[in-house]
Amino acid sequence: MFRTNTCGELRLADAGKTVTLAGWVQRVRKMGGMTFVDLRDRYGITQLVFNEEVNDALCARANKLGREDVIQIKGEVNERESKNKNLPTGEIEIIVSELTVLNASATPPFTIEDNTDGGDDIRMKYRYLDLRRACVRKNLELRHQMTMEVRRYLDSKGFLEIETPMLIGSTPEGARDFVVPSRMNPGQFYALPQSPQTLKQLLMVAGMDRYFQIVKCFRDEDLRADRQPEFTQIDCEMSFVEQEDVIALFEGMAKHLFRTIRGIELTEPFPRMPWSEAMRLYGSDKPDTRFGMEFVELMDVLKGTGEFSVFNDASYIGGICAPGCASYTRKQLDQLTDFVKRSQIGAKGLVYARVQEDGSVKSSVDKFYTQEVLLRLKETMKAVPGDLILIMSGEDVMKTRKQLCELRLEMGSRLGLRDKNKFSLLWVVDFPMFEWSEEEGRLMAMHHPFTHPKDEDIPLLDSNPAAVRADAYDMVCNGVEVGGGSIRIHDPELQDKMFKILGFTEERAQEQFGFLMNAFKYGAPPHGGLAYGLDRWVSLFAGLDSIRDCIAFPKNNSGRDVMLDAPSYIDQKQLDELNLALDLKD
Ligand code: ASP
């Protein structure tokens, strides 16, 4: 047998047993005539002991071991004199009698321990070494457990796991596609799926009824902490359902994951919030509801009631009330002002008002307003002595709300209200069907073009499409969109109309979505579904700031895999074969 036990397994009850272990040398310590080696594998660390007095030659060999050498040892389990309470195997050690070096290691570029000395770049370049660290390995173990639970839950509800192709046709709308040239079809390209959306809908036409797939999706977008060019979705679709059915089933799945993975029993139904309400109260379609600090609109109180032209010209004035922050120093307030003025947020400034101990209000715009107006401000904000009122305004309502949202999140973080071990879930519902795209100069589907409008809003499609709401829903947890979906259009005529509103000519709609429209002619059942972001779920449960840490081999912010050094140039021969006439190196 190569090994009788793993390095995380042996306990005091095993004392006296002869065992064989294999693993990596984490550390060698020499103390007097004794040498201690920490042996590591996926399961843990076991201490090995070599005694010079017992076996001089063996001990000399142990002293020569280097970090990350792969070794196999045979020895006897012994009760430790000084026990290590922090280690599950901390009560025992192995008195080694045989040592085989299976493979010596070059000196690793950083220490393979939780507190490593390696920076981000070097750890990504040597990700296979980074993955040996217990803190990183744990994220992949969690990911595995979560996918197992997802499969268990969906299987118990009658879902079929069905694979859909990775090489598909390019679909417009949504993000940019990654494309793959076809050698056998010169000049033509496949696209990698941004999601299996149309394919899962075709599976519903095929009568599969309940489908899921844990699937890679590809979007060529600018990257952020919670975005990777390839990411994994738990993609689902169901037939003969209404919005309530989909929500119930997938709320059940979220609860199942919380129960089995985190031991948290979520008994109440998740709150629902219409999109318009989320925007009004939080300036976001994915509000972090772990804390309050909701927006209060102040147009009535501050517009036209003083000489402050910024407010008098504004289309939106909103405030948040930061409890206990009236004591903020000038420096702290300047920091907040700088925060909202950063280019990522882009606000012009920040107005503040402190509620003093005596109930009076002292603000940065005192010279423009009477104390009476400021007291009305205090009242409207429901502020009490000690509170700090922060106010932002602007000419673009949505833009200003988004800026105020950033400030609210920042204040939530500063006040320690965004505890990673507290979870606040909700459904955001009634999304608008369309949003105006400045770039394209036309309406775009907010979710995607296959989303069903709310029945009662269908008459508005002709008269006022911007006011049409969709049967679309997002699940939000702690300010992160963890999933989203919609009821789909299954009527070819309605789908046709949708494409028209989105600015497709009949020919283009036919060219790009003909396969779907055609399929809908053959008895498409009413259907709907949702996709959960697996990476986001795992990072949420692991308490990570970035989804990168729960992905085995992630890409960096420029979309590069620094370990594989991809993307890379390809040979002219390969380019020629693919009928790609360009030579990018010139
Ligand atoms: N395909 C959609 C997405 O990727 C989710 C869905 O509607 O099921 O966002």
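As the structure is a prediction and not an experimental result, all values here were calculated from the model. Sequence order as written defines the numbering, with residues in each chain counted from 1. Reporting in this predicted model follows two pLDDT cut-offs: at least 70 for local features of residues, and 80 or more for side-chain atom pairs to be given and counted; totals over whole chains, interfaces and linings ignore these cut-offs and use all residues. Excluding hydrogens and water, the side-chain figures rest on all heavy atoms present in the structure.

A. Region of the structure containing a nonpolar patch on the surface. Here the term patch refers to residues with relative accessible area over 30% and no salt bridge, with like charges joined within 9 Å and nonpolar side chains (Val, Leu, Ile, Met, Phe, Trp, Tyr) within 5 Å. Residue burial considers only the protein chains on display, and all accessible areas are found by Shrake-Rupley using a 1.4 Å probe. Between Lys or Arg on one side and Asp or Glu on the other, a salt bridge is scored when a side-chain nitrogen of the former is within 4 Å of a carboxyl oxygen of the latter. Judged by side-chain polarity, M166, L167 and Y190 come together as a nonpolar surface patch covering roughly 230 Å² of accessible area. A run of DSSP states H or I qualifies as a helix once it reaches four residues; a run of E qualifies as a strand once it reaches two. Both are numbered from the N-terminal end. Mapped onto the fold, Y190 is located in strand β8 (residues 189-191). Burial classification: accessible surface area is computed with a 1.4 Å probe over protein chains only, and a residue below 20% of its type maximum counts as buried, one above 50% as exposed, and the rest as partly exposed. When its relative accessible area of 30% is taken as the criterion, Y190 is described as partly exposed.

B. Structural detail: the side chain of T164. Mapped onto the elements of the fold, T164 is located in the loop between β6 (160-161) and β7 (179-181). Setting aside chain neighbours within four positions, we find T164 in contact with P196, L199, L203 and Q213. Working rule for contacts: check all heavy atoms of both residues, and any pair within 4.5 Å makes them a contact.

C. Layout of the site of the ligand. Surrounding the ligand, one finds 13 residues, the nearest of these being Q197, K200, R219, H447 and R488. One of the side-chain nitrogen or oxygen atoms of S195 is found 3.1 Å away from a nitrogen atom of the ligand. R219 is positioned such that a nitrogen or oxygen atom in its side chain is 3.0 Å from an oxygen atom of the ligand. In isolation the ligand has 270 Å² of accessible area, and contact with the protein removes 89% of it. Broken down by secondary-structure element, the contributors of at least two residues to the shell around the ligand are α5 (197-205), β21 (480-487) and β22 (527-533). Sorting elements by how many residues they give to the shell around the ligand places β22 first, with 3 residues. Residues are counted as near a molecule or strand when any one of their heavy atoms sits within 4 Å of it. As used in this structure description, the phrase polar contact means that two N or O atoms lie within 3.5 Å; if the pair is within protein, one of them must be able to donate a hydrogen and the other to accept it, and residues adjacent in sequence are counted only when both atoms belong to side chains.

D. How the structure looks around the state of the cysteines. Throughout, disulfides are identified as pairs of cysteine sulfur atoms within 2.5 Å of each other. Under the counting rule described, the total for this entry stands at 0 disulfides. Cysteine C405 is unpaired, with the sulfur of C477 as its nearest cysteine sulfur at 16 Å. Between C477, a cysteine without a disulfide, and C550, which holds the nearest cysteine sulfur, the sulfur-to-sulfur distance is 14 Å.

E. Broad picture of the sheet that holds β22. Taking strand neighbours across the sheet as the criterion, the 8 strands line up as β6-β9-β10-β22-β21-β20-β17-β11 in an open arrangement whose pairing is mixed. At either margin of the open sheet sits one strand with a lone partner, and together these are β6 and β11 (272-274). Bridge count for β21 against β22 is 5 bridges, and the pairing is antiparallel. Looking at β22, one finds that G484 is bridged to A531. The axes used here are C-alpha line fits, helices contributing only the stretch in contact, and every angle between their N-to-C directions lies in the interval 0 to 180 degrees. Seen against the sheet, helix α4 (residues 134-156) touches β6, β9 (210-218) and β10 (230-239) and runs at an angle of roughly 150° to β9. Any two strands with at least two DSSP-identified bridges between them are counted as paired.

F. Region of interest: the nonpolar core. Ranked by size, the top nonpolar core spans 39 residues in total, and within it L154, F250, W427, M475, Y532, W537 and F541 carry the most contacts. Counting residues per element, this core draws most heavily on helix α6 (residues 243-262), at 9 residues. Excluding its chain neighbours within four sequence positions, the residues that come into contact with F250 are L154, F159, C236, M238, W427, M475, L530 and Y532. With 31 residues, the next largest nonpolar core counts W275, M279, M433 and F513 among its residues. Buried residues of nine kinds, namely Ala, Val, Leu, Ile, Met, Phe, Trp, Tyr and Cys, make up a nonpolar core once their side-chain atoms join them within 4.5 Å.

G. Local environment of the packing of α5 against helix α15 (residues 506-519). The N-to-C vectors of α5 and α15 enclose an angle of 20°; their axes lie 10 Å apart at closest approach. On the basis of their axis angle, the class for α5 and α15 is roughly parallel. Here α5 runs over α15; the crossing is left-handed. For the pair α5 and α15, contact is made by T198, Q201, L202 and V205 and by F515, L516 and A519, respectively. Classes in brief: Ala, Val, Leu, Ile, Met, Phe, Trp, Tyr, Cys and Pro nonpolar; Asp, Glu, Lys and Arg charged; the others, Gly included, polar. Tallied by class, residues from the contact of α5 with α15 come to 5 nonpolar, 2 polar and no charged. The labels follow the angle: roughly parallel below 35 degrees, roughly antiparallel above 145, roughly perpendicular from 65 to 115, and oblique for the rest. A crossing counts as left-handed when the near helix is turned anticlockwise from the far one by less than a right angle, and as right-handed when that turn is clockwise.

H. Spotlight on the UniProt feature "binding site: L-aspartate" (unreviewed entry) in the protein. UniProt positions are given in the numbering used here, feature names are shortened, and annotations may be inferred rather than shown by experiment. With numbering aligned to this structure, UniProt lists the feature "binding site: L-aspartate" (unreviewed entry) at E173, R219, H447 and R488. Secondary-structure assignment places R219 in the loop between β9 and β10. Residues contacting R219, with those up to four places away along its chain left out, are A175, R176, F178, Q194, S195, P229, F231 and Q233. Within the structure, the side chain of R219 is placed 3.0 Å from the backbone oxygen of Q194, a separation counted as a polar contact.

I. Structural detail: the pattern of salt bridges. Scanning all chains against the criterion turns up 41 salt bridges. A salt bridge links D334 to R330; its shortest N-O distance comes to 3.5 Å. Separated by 4 residues within a single helix, D334 and R330 lie in helix α10 (residues 330-341), roughly one turn from each other. Note on D334: relative accessible area 32%, which makes it partly exposed. Relative accessible area serves as the criterion here: at 55%, R330 is assigned to the exposed category.

J. Here's a closer look at the sheet that holds strand β14 (residues 351-355). Pairing is antiparallel across the open sheet formed by 5 strands, whose spatial order is β12-β13-β16-β14-β15. The open sheet is flanked by β12 (296-297) and β15 (361-363), the only strands paired with a single partner. As paired elements, β14 and β15 share 3 bridges and run antiparallel to each other. Paired with A353 across the strands is S363, a residue of β15. The sheet contacts of helix α11 (residues 371-380) involve β12, β14, β15 and β16 (388-394), and relative to β15 the element is tilted by about 100°. Relative to strand β13 (residues 316-322), helix α12 (residues 397-414) is tilted by about 10°, and along the sheet it contacts β12, β13 and β16.

K. Expanded view of the packing of aromatic side chains. Any Phe, Tyr or Trp ring, taking Trp's six-membered ring, that has another such ring centre within 6.5 Å forms a pair; planes under 30 degrees apart are called stacked, those over 60 apart edge-to-face, and the others tilted. The tally for this structure, following the rule as stated, stands at 18 aromatic pairs. Taking the centre distance of 6.2 Å and the plane angle of 85° together, the rings of W427 and Y473 count as edge-to-face. You can see W427 sitting in strand β17 (residues 425-429) and its partner Y473 sitting in strand β20 (residues 472-477), a full 46 residues away along the chain. For W427, a relative accessible area of 0% puts it in the buried group.

L. How the structure looks around unusual backbone geometry. That bond from A566 to P567 is cis: its omega, 5°, falls within 30 degrees of zero. Within the secondary structure layout, P567 lies in the loop between α16 (534-542) and α17 (572-577). Despite not being glycine, E68 has its phi angle at roughly 70°, a positive value. Turning to its location among the elements, E68 is positioned in the loop between α1 (56-63) and β4 (70-79). Its relative accessible area of 2% is what places E68 among the buried residues. Positive phi, close to 50°, is recorded for M293, a residue that is not glycine. Summarising the element assignment, M293 is placed in the loop between α7 (275-282) and β12. For M293, a relative accessible area of 11% puts it in the buried group.

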